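# Residue-level structure breakdown
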Protein chains: 2
Amino acid sequence: MMKLDVLITPGEQLPGDVASRTVVVVDVLRASSTIVEALAAGARALYPVAEVEEALRLANTLGRDDVLLCGERKSLAIDGFDLGNSPGDFTPERVAGKMIVMSTTNGTGALVAASVGARVIVGSWLNLSAVVDELVRTNAEPIFYCSGREGRFALEDAVCSGIMAARVIAAAGEDMDWELNDGAMAALAMADRYADPDELFRLTAAGKQIVEVGLREDLAFCALTDRHGVVPVFQDRQVSLAPAPTAAAAES
Amino acid sequence: MMKLDVLITPGEQLPGDVASRTVVVVDVLRASSTIVEALAAGARALYPVAEVEEALRLANTLGRDDVLLCGERKSLAIDGFDLGNSPGDFTPERVAGKMIVMSTTNGTGALVAASVGARVIVGSWLNLSAVVDELVRTNAEPIFYCSGREGRFALEDAVCSGIMAARVIAAAGEDMDWELNDGAMAALAMADRYADPDELFRLTAAGKQIVEVGLREDLAFCALTDRHGVVPVFQDRQVSLAPAPTAAAAES
């Protein structure tokens, strides 16, 4: 018997055994997608912070020349910051070798809340198979943490979690029994019904808001399934890439 | 274009226009089901209160002889109360003509939170079609409020809401456009997948807890679809039955 939980809204309590589990933070539109894209494009590390002031202070501490400030408020870039939260803007030309200090409305808080887990990784459509493979490889009993939208439920986070959950369960084979929480059962149903991210994003509140502020192309970007094979890991207040698995690690 | 929202966890904010909308409070296991059963069995009114002390005080004010105290903590009856929260115990012999003061973990708080709506009604499998008919008859743009379980998501509340939502949408016909929130789209997917309440209750956290404390028969009771044609209405701090619709009311 293995456990798999999905917390479908950010207000939900983490399970009692979170300290021994892998937490997958999902904020599809757009923080998770941006984190995956930035690190795949060669950024050294990404520091999520809650407040703008904190971001500026940390940028000064790290050394302003090596740092890019990025983030959003109400989906738009923050005044004086280098970048917004559009993953397509995080090109290798701009971000390779840089440290990124990021302040977003929902994703940042989710990472901090999830940091009580034994391991915290970041999932999105951009790295969906890589996250699934990592969970399977490490024999994880994952908790998917949906970041939502200002405390509200966000359908795209639950669907993405449900797709990953279904694949982890399938990989374990039919002989494995899974103890699913209510959120996991719900997310599996949503994943069945709303499998196509391009169609889904047009329907959801977060997707509509991004279109309203003129960033429609971000939706197509965040739907690019398996664009990268990377697994961002949040540890010691920074997100960076997990080292590629070695044969020895895979056996452990 | 008509609106339909499902708040799939109790922590979610109500929409800005809640004051002009009908809110359907759903706490399938078991407060909604108990309320429906008690009123259908002839109870005059039901007073939801949060705390045990408040329940005792209100019982004294209303006149202890005309009142039954009911409710639960951790699924079990409260010491010194007349009844627990098992709907099957609310027989006409016990409750006809009585006022019922009820304190439950989740359902009571949900009713109070929902009371900012123009109209607040109570839904469950026991009165599913009656609620749907009432929403259709009044041309409502409903908000389904899932009570959940100690702040967590409860799958059975979302499924019940999704089934009612699907039927309201179907009744309006194919020419009607609906503006659905993320929770409504999610609940529709869940309703498709977990349509049978008997099977569903065996899977969910609330259902398992009720079995654990020895009240398995409550699950079968709460799955009795359309057992009653009543619509409980919460108004002036009490829940009572809506008067049967008249031809004049139906036209208004």
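This write-up is about the structure you can find in this document.

Reading the values: the criteria
- Note that residues are indexed from 1 along each chain, following the sequence as it is written.
- Starting at A for chains and at 1 for ligands, labels are handed out in the order in which the entities are written.
- Residues qualify for local features only when their pLDDT is at least 70, as the model is predicted, and side-chain atom pairs are given and counted only at 80 or more; totals for whole chains, interfaces and linings, by contrast, use all residues.
- Side-chain descriptors were evaluated using all non-hydrogen atoms of the structure, hydrogens and water having been removed beforehand.
- Contacts are assigned to residue pairs with any non-hydrogen atoms lying within 4.5 Å of each other.
- Throughout, buried area stands for the accessible area (probe radius 1.4 Å) lost by two parts on being put together, summed over both.
- Salt bridge, as applied in this entry: a Lys or Arg side-chain nitrogen positioned within 4 Å of an Asp or Glu carboxyl oxygen.
- Between N or O atoms, a polar contact is any pair within 3.5 Å; within protein, one atom must be a potential hydrogen donor and the other a potential acceptor, and residues adjacent in sequence are included only when both atoms are from side chains.
- Alignment of the copies relies on least squares applied to C-alpha atoms, considering only residues that score at least 70 for pLDDT in both.
- Simply put, an axis is a line fit to the C-alpha atoms, just over the touching stretch for a helix, and the angle between two N-to-C directions goes from 0 to 180 degrees.
- We count a stretch as a helix when DSSP gives it H or I for four or more residues in a row; a strand needs E for two or more, and each element gets its number in order from the N terminus.
- Should an angle fall under 35 degrees it is taken as roughly parallel, and over 145 as roughly antiparallel, whereas 65 to 115 is taken as roughly perpendicular and any remaining angle as oblique.
- All residues other than Ala, Val, Leu, Ile, Met, Phe, Trp, Tyr, Cys, Pro, Asp, Glu, Lys and Arg, Gly among them, are scored as polar; the first ten of these are nonpolar and the last four charged.
- In this scheme, a residue with accessible area under 20% of its type's maximum is buried, one over 50% is exposed, and one in between is partly exposed, where area comes from a 1.4 Å probe on protein chains only.
- Pairing between two strands requires that DSSP report at least two bridges joining them.

### A short note on the interface of chain B and chain A
The partner chain A presents 25 residues to the 25 residues of chain B that form the contact. Contact with chain A buries area across many residues of chain B, yet Arg 152, Asp 182 and Met 185 of chain B alone supply 28% of it, more than any other trio. Summed over the shared surface of chain B and chain A, the result is 2 salt bridges. Between Arg 193 of chain A and Asp 192 of chain B there is a salt bridge, and its shortest N-O distance comes to 2.6 Å. The tally of links from chain B across to chain A stands at 12 residue pairs in polar contact (both at pLDDT 80 or more).

### What to know about the relation of the copies chain B and chain A
Rotating chain B by 180° and moving it 0.0 Å along the rotation axis overlays it on chain A with an RMSD of 0.0 Å. These values place the two chain copies in the arrangement generated by a two-fold rotation axis. Across chain B, the smallest distance between a C-alpha and the rotation axis is recorded for Ala 189 of chain B, namely 2.9 Å. Interface residue correspondence from chain B to chain A reaches 100%, placing this contact among same-surface, isologous pairings.

### Quick word on the packing of helix α6 (residues 155-172) of chain A against helix α7 (residues 182-193) of chain A
Residue and element names in this part refer to chain A. Between α6 and α7, whose axes approach to 7 Å, the crossing angle comes to 100°. Accordingly, the angle class assigned to the pair α6 and α7 is roughly perpendicular. Across the interface between the two elements, Leu 155, Ala 158, Val 159, Gly 162, Ile 163, Ala 165, Ala 166 and Ile 169 from α6 touch Ala 187, Leu 188, Met 190 and Ala 191 from α7. By residue class, the composition of the contact of α6 with α7 is 11 nonpolar, 1 polar and no charged.

### What to know about unusual backbone geometry
In this structure, the amide linkage connecting Leu 29 of chain A to the following residue, Arg 30 of chain A, adopts the cis form with an omega of 10°. Residue position: Arg 30 of chain A is located in the loop between β2 (22-26) and α1 (31-40). For Lys 74 of chain B, which is not glycine, the phi torsion reads 50° and is therefore positive. Position of Lys 74 of chain B relative to the elements: it lies in the loop between β4 (67-73) and β5 (76-77). Positioned with a positive phi, Asp 236 of chain B is a non-glycine residue whose angle comes to about 50°. With respect to the helices and strands, the residue Asp 236 of chain B is situated in the loop between β10 (232-235) and β11 (238-241).

### Considering the side chain of Ser 161 of chain B
All names here are of chain B. Topologically, Ser 161 is positioned in helix α6 (residues 155-172). Residue Ser 161 is classed as buried on the basis of its relative accessible area of 0%. Ignoring any residue separated from it by four or fewer positions in sequence, one finds Ser 161 in contact with Val 6, Val 26, Phe 144 and Cys 146.

### Description of the pairing of strand β8 (residues 143-146) of chain A
Residues and elements named next belong to chain A. On β8, burial covers both faces: Ile 143 and Tyr 145 on one face and Phe 144 and Cys 146 on the other are all buried. Here strand β1 (residues 2-7) pairs with β8 via 3 bridges, running parallel. Residue pairing in the sheet places Asp 5 in a bridge with Ile 143 of β8. In the sheet, β2 pairs with β8 via 4 bridges, with the strands oriented parallel. Within the sheet, the bridge partner assigned to Val 23 lies in β8 and is Ile 143.

### A short note on the pattern of salt bridges
A complete count under the given rule lists 18 salt bridges over all chains for this structure. Residue Arg 119 of chain B pairs with Glu 134 of chain B through a salt bridge whose shortest N-O separation is 2.9 Å. Taken as a pair, Arg 119 of chain B in strand β7 (residues 119-123) and Glu 134 of chain B in helix α5 (residues 128-137) lie far apart in primary sequence, 15 residues in all. Beyond isolated ion pairs, a larger network of salt bridges with shared partners links Lys 3, Asp 5, Asp 17 and Arg 21 of chain A.

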